[in-house]
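Structure at a glance
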Amino acid sequence: MLLTVNHVTRYFYDQPVRGVVQSHRLMPSQCAGQKMRSWKVSVSDGQMGGGFRDGAGDWVQGWTVLGPVNEITVHVTGEIETFDQAGVLRGHKELTPPDCYLRSTHPTEADAALAALADGLTPAQDALAAAHLISERVSDAIVYTADTTNAHTTAAEALAQGTGVCQDQAHAVIAIARHIGLPARYVSGYLLVGIDGAAHDAAHAWAEVFIAGLGWVGFDPANRCCPDDRYIRLGSGLDSLHAAMIRGIARGQGEESLDVSVTVQATQTQSQTQQ
Amino acid sequence: MTSYFNEMYQGDSVRAPYARLQNWMNSMPAELRQMKQAEAEALFRRIGITFAVYGEGGDPDRLIPFDMFPRVFSGAEWAKLERGIKQRARALNAFLVDVYGRGEIVRAGRIPGRLVYLNEAYEKAVAGFVPPKGVYSHIVGIDLVRTGPDEFFVLEDNCRTPSGVSYMLENREIMMRMFPDLFRENRIEPVDNYPEILRRTLASVAPTKCDREPTVVILTPGHYNSAYYEHSFLADLMGVELVEGQDLFVEGEFVFMRTTEGPRRVDVIYRRLDDAYIDPLCFRPDSMLGVPGLMDVYRSGGVSICSAPGAGVADDKAVYTYVPEMIRFYLGEEPILNNVPTWQCGKADDLKYVLSHLNELVVKEVHGSGGYGMLVGPKATADQVEMFRARITANPNNYIAQPTLALSTTPTFVAEGIAPRHVDLRPYCLVGERIELVPGGLTRVALTEGSLVVNSSQGGGVKDTWVLAE
């Protein structure tokens, strides 16, 4: 599928700030399921800083803006061809050993209720089946409901209230998978919405679980599926904070407010031979 | 009754390195000694060196007792120590480069992967990055104890930001001021070039993007930190700026410091700040002490950070057990310095042994420091032993145990005169383009009779440490 992305993040400051520093994970992963045609990230008044590929295979890019500024805009536009890999992350070069993703973090801490969702799972016999069941159970236990959680809600809190968004569901899958000894991580990216009628945000997040013999496999509890060619993978981490598309900080007293708009559209893929 | 190796006396005879100290000792009547001791204390007060060694906490304004009786090594003794220390520093750095790279030692089954990759000190954020010259730990503080003429054991390695080197320098400075004759009679290797070697070491690991004489700074958490004195002392002696996070900022691909003449690019940061605090965009988002964006500049070769983030995974108490294995694996050599045999309570067999021998063992928390959270079996009351039994049983992974070592003693000035007291040693090995070790280190002494705990928070003091020129 050929997808075009237009992702605009605007930061507003009620007083001018002296400067802004950001760290981005906004480049599509290099893997078999994605072939980048064009991709551009710009930051208004920004100076591009150091960039590097980290051990998990993500391109991390620093940016700085020298103030005073009242507003900055981060703009991502791109065109990418995607191929359905049935959820398996193939051809992705990374160095970080899967064991690193067994470590729990605050939002992915498994409490008794999360641990209970692992009841009866037998990862030693069939890890893939166990991971599918985890994702299904999370979809049922945390019903996708917008505006009932915030960026700091933990998996345990979301489960206790029974509602949340893709971030909460992904955290829950990760918490349970790690609890039964399966390495798991948080993935941020984009999703072509609309085909199945669901109106979830086009800026999306899901989980990947490491299955021995198969590698990293994606699970999207929000859509009860594994990522396919509607998904664009950007970066990963132990949780949403570490996989964030943009981490930033402003120098100054100004209060920050945020406006995000993301559209992902499918372009008619034309057969090469017809051209 | 355990016998302890006395570094000065072998029976009635004086061991060679201490030969010239015999006269000095005898020539000092009690009154003179007390006068000198008061003089030393006044000097330390004037310098203002009152911080707790090794970040042990305690009263920051308390002066750590200085004992005037030096601790002496012969040139030959030191030569062996030096080889052992440098060997260890090389292996620890090779391990760090490896576990943030392909992890060959784990693949080879020589150390359990989970011990490394699940370790709190393992920083996933630097996986795949090789710091300049392949050095993660630029200042390796190795804590040693001696149990015999030729027996040394490494108690622990400190790969992050070992403190206490200002004591090594000040102790020497004060001894030279008070007893200049001693330094004429004995040929003592100098330690005062440490700051210059440190500066050179730091400059030698300038980042790939640095194309000029590198600018080095020391990054301190600020004057509330217990080791702030040492930070400013070293900055002063090295002739570099002492900065706090707010003095630095990232612009584009580089880090700059604010100066009265405008921004100045910084190439090497000797940070005395834990990983978690150095960059809120990579680690703890609530940290106000660090520099936002620093890690992106670092990982793209715009600045060097010493010690490199992630170095802590090599000095973990559980990883310690595998250092001899690292030496064999990376260097193809046999360890020159011994490890203390260590039982890991997380292992069922070890736990069983530890719980049935608590009275003989020293039990430590895996992440503890400063002599807190420690059980010295032979010295503990029955209640303390039982309390530890409960703690270990509740969380075995959190504890390791070691035999109670018969720490050597050196003569020490005490209220009654001169008496043997137990000592340890922390030398500071510098790793950059070259590996260097100044001949000396910090000797800590347990001033309480019979005590084996040298930590300053538990009544320990410090001594000048001599290495004699051959």
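The residue count restarts for each chain, going from 1 along the sequence in the order it is written. Labels follow written order: the first chain is A, the first ligand is 1, and so on. It should be noted that, the model being predicted, local features are given only for residues of pLDDT at least 70 and side-chain atom pairs only at 80 or more, the latter also being counted only at that level, while totals for whole chains, interfaces and linings use all residues.

Secondary structure elements are defined from DSSP: runs of H or I of at least 4 residues count as helices, runs of E of at least 2 residues count as strands, and each element is numbered from the N terminus. Helices and strands together make up the secondary structure of chain A, namely 4 helices and 12 strands. In terms of its C-alpha atoms, chain A occupies a principal-axis envelope of roughly 55 × 55 × 40 Å. Residue pairs in contact within chain A that sit at least 24 positions apart in sequence constitute 75% of those at least 6 positions apart. The contact criterion used is a C-beta to C-beta distance within 7 Å, with each C-beta placed from the backbone.

Residue and element names in this part refer to chain A. Where helices are involved, their axes are fitted lines through C-alpha atoms of the stretch in contact, as for all axes, and angles between N-to-C directions lie from 0 to 180°. It is the contact of helix H2 (residues 127-141) with helix H4 (residues 166-179), at a shortest axis distance of 9 Å, that shows an interaxial angle of 140 degrees. With respect to H4, the axis of H2 lies oblique. As H2 packs across H4, the resulting crossing turns out to be right-handed. Of H4, the residues touching H2 (which contributes Ala131, Ile134, Ser135, Val138 and Ser139) are Gln169, Ala172, Val173, Ile176 and Ala177. Amino acids are sorted into nonpolar (Ala, Val, Leu, Ile, Met, Phe, Trp, Tyr, Cys and Pro), charged (Asp, Glu, Lys and Arg) and polar (every other residue, Gly among them). Of the residues in the contact of H2 with H4, the class split is 7 nonpolar, 3 polar and no charged. The cut-offs work like this: below 35 degrees is roughly parallel, past 145 is roughly antiparallel, 65 to 115 is roughly perpendicular, and the gaps in between are oblique. Handedness of a crossing follows from how the near helix is turned relative to the far one, being left-handed for an anticlockwise turn of less than a right angle and right-handed for a clockwise one.

Let's shift gears to the interface of chain B and chain A. Tallying the contact residues gives 25 residues for chain B and 24 residues for chain A. Looking at the side of chain B that touches chain A, the elements with two or more residues in it are helix H5 (113-117), strand E8 (248-251) and helix H10 (294-299) of chain B. Classifying every residue of the side of chain B that touches chain A gives 11 nonpolar, 8 polar and 6 charged.

Glancing now at the sheet that holds strand E14 (residues 343-344) of chain B. All names here are of chain B. By the convention used here, strands pair only if DSSP detects at least 2 bridges between them. One open sheet accounts for 4 strands, arranged E14-E17-E15-E16; its pairing is antiparallel. The sheet is open, and its two edges are formed by E14 and strand E16 (374-376), each paired on a single side. In the sheet, strand E15 (residues 361-365) pairs with strand E17 (residues 399-403) via 5 bridges, with the strands oriented antiparallel. Paired with Val363 across the strands is Ala401, a residue of E17.

Before going further, it helps to examine the nonpolar core. Residues Ala131, Ala172, Val173, Ile176, Ala207 and Val209 of chain A together with Leu92 of chain B are the most contacted members of the largest nonpolar core, which totals 205 residues. Top element by residues in this core is helix H3 (residues 75-99) of chain B. It accounts for 10 residues. If sequence neighbours within four positions are ignored, Ala207 of chain A has contacts with Ala170, Val173, Ile174, Ala184, Tyr186, Val187 and Phe219 of chain A. One nonpolar core equals one set of buried Ala, Val, Leu, Ile, Met, Phe, Trp, Tyr and Cys residues connected by C-beta atoms within 7 Å. Exposure classes come from backbone-placed C-beta atoms, where a residue is buried if 20 or more other C-beta atoms lie within 10 Å of its own, exposed if 12 or fewer do, and partly exposed in between.

When its domains are assigned, chain B resolves into domain 1 (9-334 + 406-467) and domain 2 (341-403). Summarising the inter-unit geometry, the C-alpha centres of domain 1 of chain B and domain 2 of chain B are found 27 Å apart. For the domains described, the bounds stem from an automatic or database domain assignment.

Let's shift gears to the domain arrangement of chain A. Residues and elements named next belong to chain A. Domains assigned within chain A are domain 1 (2-81 + 245-269) and domain 2 (85-237). Using C-alpha coordinates to define each centre, domain 1 is positioned 24 Å away from domain 2. At the interface, 24 residues of domain 1 touch 21 residues of domain 2. The biggest single contributor to the side of domain 1 that touches domain 2 is strand E12 (residues 256-267), with 5 residues. Tallied by class, the residues present in the side of domain 1 that touches domain 2 amount to 14 nonpolar, 8 polar and 2 charged.

With that out of the way, let us pick up the sheet that holds strand E10 (residues 231-237) of chain A. All names here are of chain A. The 4 strands lie next to each other as E9-E8-E7-E10, forming an open sheet whose pairing is antiparallel. The open sheet is flanked by strand E9 (215-219) and E10, the only strands paired with a single partner. Neighbour-to-neighbour, the strand axes of this sheet turn through a mean angle of 35 degrees, independent of strand direction. One ladder, built from 5 bridges, connects strand E8 (residues 203-211) with E9; its direction is antiparallel. Counted as the bridge partner of Glu208 is Gly218 from E9.

Our focus in this paragraph is helix H9 (residues 228-238) of chain B. Residues and elements named next belong to chain B. Considered for burial, the residues of H9 that qualify are Glu230, His231, Phe233, Leu234 and Met238. Buried residues of H9, seen end-on, are gathered within an arc of 165 degrees and therefore sit on one face of the element. The inward-facing, buried residues of H9 contact helix H6 (165-178), helix H8 (194-203), strand E6 (216-219) and strand E7 (241-243). At the C-terminal side of H9, Gly239 shows a positive phi close to 70 degrees. By definition, the arc is the one covered by directions from the helix axis to the C-beta atoms.

Before going further, it helps to spend a moment on the confidence of the model for chain B. Chain-level pLDDT for chain B is 92 on average; 95% of the residues reach the 70-or-more range. What the predictor reports for the complex is a pTM of 0.93 with an ipTM of 0.93. As a per-residue measure, pLDDT tells how confident the predictor is, with possible values from 0 to 100.

Residue and element names in this part refer to chain A. Most of E10 is tucked away, with 7 of its 7 residues classed as buried. In the sheet, strand E7 (residues 184-191) pairs with E10 via 6 bridges, with the strands oriented antiparallel. Opposite Gly189, over in E10, you have Arg233 as the bridge partner.

Attention now moves to the packing of H8 of chain B against H9 of chain B. In helix packing, the relevant descriptors are the interaxial angle and the interaxial distance, both defined with respect to the helix axes. Residue and element names in this part refer to chain B. Running from N to C, H8 and H9 cross one another at 85 degrees; their axes reach a closest spacing of 9 Å. The orientation of H8 relative to H9 falls into the category roughly perpendicular. Together, Pro195, Leu198 and Arg199 of H8 and Leu234, Leu237 and Met238 of H9 make up the contact between the two elements. Class assignment of the residues belonging to the contact of H8 with H9 gives a composition of 5 nonpolar, no polar and 1 charged.

It is worth spelling out unusual backbone geometry at this point. The residue after Gly67 of chain A, namely Pro68 of chain A, is reached through a cis peptide bond having omega 0 degrees. By secondary structure assignment, the location of Pro68 of chain A is in strand E4 (residues 59-82). Geometrically, the link from Cys306 of chain B to Ser307 of chain B is a cis peptide bond, its omega value of -10 degrees lying close to zero. Positive phi is not limited to glycine here, since Ala86 of chain A has a value of about 55 degrees. Along the chain, Ala86 of chain A turns up in the loop between E4 and helix H1 (112-116). For Ala86 of chain A, a count of 11 C-beta atoms within 10 Å puts it in the exposed group. Positioned with a positive phi, Arg224 of chain A is a non-glycine residue whose angle comes to about 50 degrees. Looking at the secondary structure, you find Arg224 of chain A in the loop between E9 and E10. Overall, Arg224 of chain A belongs to the partly exposed group, with 15 C-beta atoms counted inside 10 Å.

All names here are of chain B. Every buried residue of helix H12 (residues 323-331) is listed here: Val323, Met326 and Ile327. Mapping the buried residues of H12 onto a view down its axis gives an arc of 100 degrees, with all of them on the same face. A positive backbone phi angle near 65 degrees is found at Gly332, which sits one or two residues after H12.

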